[in-house]
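These are the residues of each chain, in order.
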Amino acid sequence: MYCKDINKNYFEGHDLFLKKIIANFLVKLINKPTISEIKPIVFNAYVSLYSKGELDFQTDSKQILENEILFKEQFFKANKLIPSLLTLNLYLKYPNQKPIFKAEIEHIFPKTTNWRPSYTGWNKEEAEPFIESIGNKMWLEKRLNIKASNGYFDEKKEKYKNSGFLEAQDLAKYSKNDWLKEDIEQRNEEIYKRLKEFFENNVK
């Protein structure tokens, strides 16, 4: 509506517009997952756009990010945001990823399974806190997710080869045949660092 009123091309700078919205919304929701966190900054952005011609959320997102310990803790508690965070991570890591619409969240280490003795040092009680973490999840086509089911990583890798998701293809080439605690922790950290860098670059 703003662009129409001033005869401006809506799509000019649209990518920057989207990055700002995504970064500010997610930082606020990670910090406090309520819609009341979003309403004021949307209003601020509208007012700023019409009065100054620029998108200014007038938010404390930068300060939230600067509190590294608290933000990181909240990031890994934001379970309801995992689909959004996984999607953002996917397209940041793989800019050439094509959209795939019939997809589900895949648990790389399965949610339910018969525990195999060969998983040395990795029992059901130890695994439970990690299974629902973002580092153990990715997008996968629904048909492949059904086929992969509750198999172990060495079996799932064969299914991942046939995925259109570039991340799944990379995991199919992973040198290890087990997917355990250290792998989940490493991916947790990788995702966190990538998204935090995106947030820091786009909340200004």
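Just above, that's the structure.
A. Main features of the overall build of the protein. When helices and strands are counted, the protein shows 11 helices and two strands. Along the chain direction, N to C, the helices and strands of the protein fall in the order α-α-α-α-α-α-β-α-β-α-α-α-α. C-alpha atoms of the protein, sized along the principal axes, occupy 65 × 35 × 25 Å. For the protein, the residues scored as buried account for 41% of the 204 residues in total. Long-range pairs, those at least 24 residues apart, make up 70% of the contacts in the protein with a sequence separation of at least 6. Approximately 12100 Å² of the protein is accessible, and the part contributed by carbon and sulfur atoms is 54%. Distance between charge centroids for the protein: 4 Å, based on 34 positive and 30 negative side chains.

B. Structural view of the packing of aromatic side chains. Summed over all chains, the structure comprises 14 aromatic pairs. Between Tyr2 and Tyr50 the ring centres are 5.3 Å apart and the planes differ by 80°, which places this aromatic pair in the edge-to-face class. One end of the pair, Tyr2, is in helix α1 (residues 2–5); the other, Tyr50, is in helix α3 (residues 39–52), with 48 residues separating them in the sequence. Between Tyr174 and Trp179, the aromatic rings sit 5.7 Å apart at their centres with planes inclined by 65°, giving edge-to-face as the arrangement. For Tyr174, a relative accessible area of 24% puts it in the partly exposed group.

C. Structural view of empty space enclosed by the protein. The tally for this structure, following the rule as stated, stands at one cavity of 30 Å³ or more. Reported here for the largest cavity is a volume of approximately 40 Å³. Listing elements by their share of the lining of the largest cavity, those giving two or more residues are α6 (82–93), β2 (137–141) and α10 (166–172). Of the residues contributing to the lining of the largest cavity, the split by class is six nonpolar, no polar and one charged.

D. Representation of the pattern of salt bridges. Under the criterion given, the structure shown has 17 salt bridges. The shortest N-O distance in the salt bridge between Lys176 and Glu182 comes to 3.6 Å. Of the charged contacts, one joins Arg194 and Glu190 as a salt bridge, the two residues approaching to 3.1 Å between their closest N and O atoms. A residue pair is termed a helical-turn pair when its members lie 3 or 4 positions apart in one helix, as Arg194 and Glu190 do in helix α11 (residues 181–202) at four residues. Exposure remark for Glu190: the relative accessible area of 28% places this residue in the partly exposed category.

Criteria and cut-off values
Residues numbered from 1 in each chain as written. Predicted model: local features only at pLDDT ≥ 70, side-chain atom pairs only at ≥ 80, totals over all residues. Heavy atoms only, no water. Helix = DSSP H or I, 4+ residues; strand = E, 2+ residues; numbered from the N terminus. Buried < 20%, exposed > 50% of the residue type's maximum accessible area, 1.4 Å probe, protein only. Contact = heavy atoms within 4.5 Å. Areas by Shrake-Rupley, 256 points an atom, 1.4 Å probe, with all protein chains shown as cover. Lys, Arg positive; Asp, Glu negative; His and termini not counted. Charge placed at Lys NZ, Arg CZ, Asp CG, Glu CD. Phe/Tyr/Trp six-rings, centres within 6.5 Å; stacked < 30°, edge-to-face > 60°. 1 Å grid on protein atoms, 1.4 Å probe; cavity = no way out; pocket = protein on both sides within 12 Å on 5 of 7 lines; lining within 4 Å. Points joined across faces, edges and corners; volume = space filled by probe spheres on them. Nonpolar A, V, L, I, M, F, W, Y, C, P; charged D, E, K, R; others polar. Salt bridge = Lys/Arg side-chain N within 4 Å of Asp/Glu carboxyl O.

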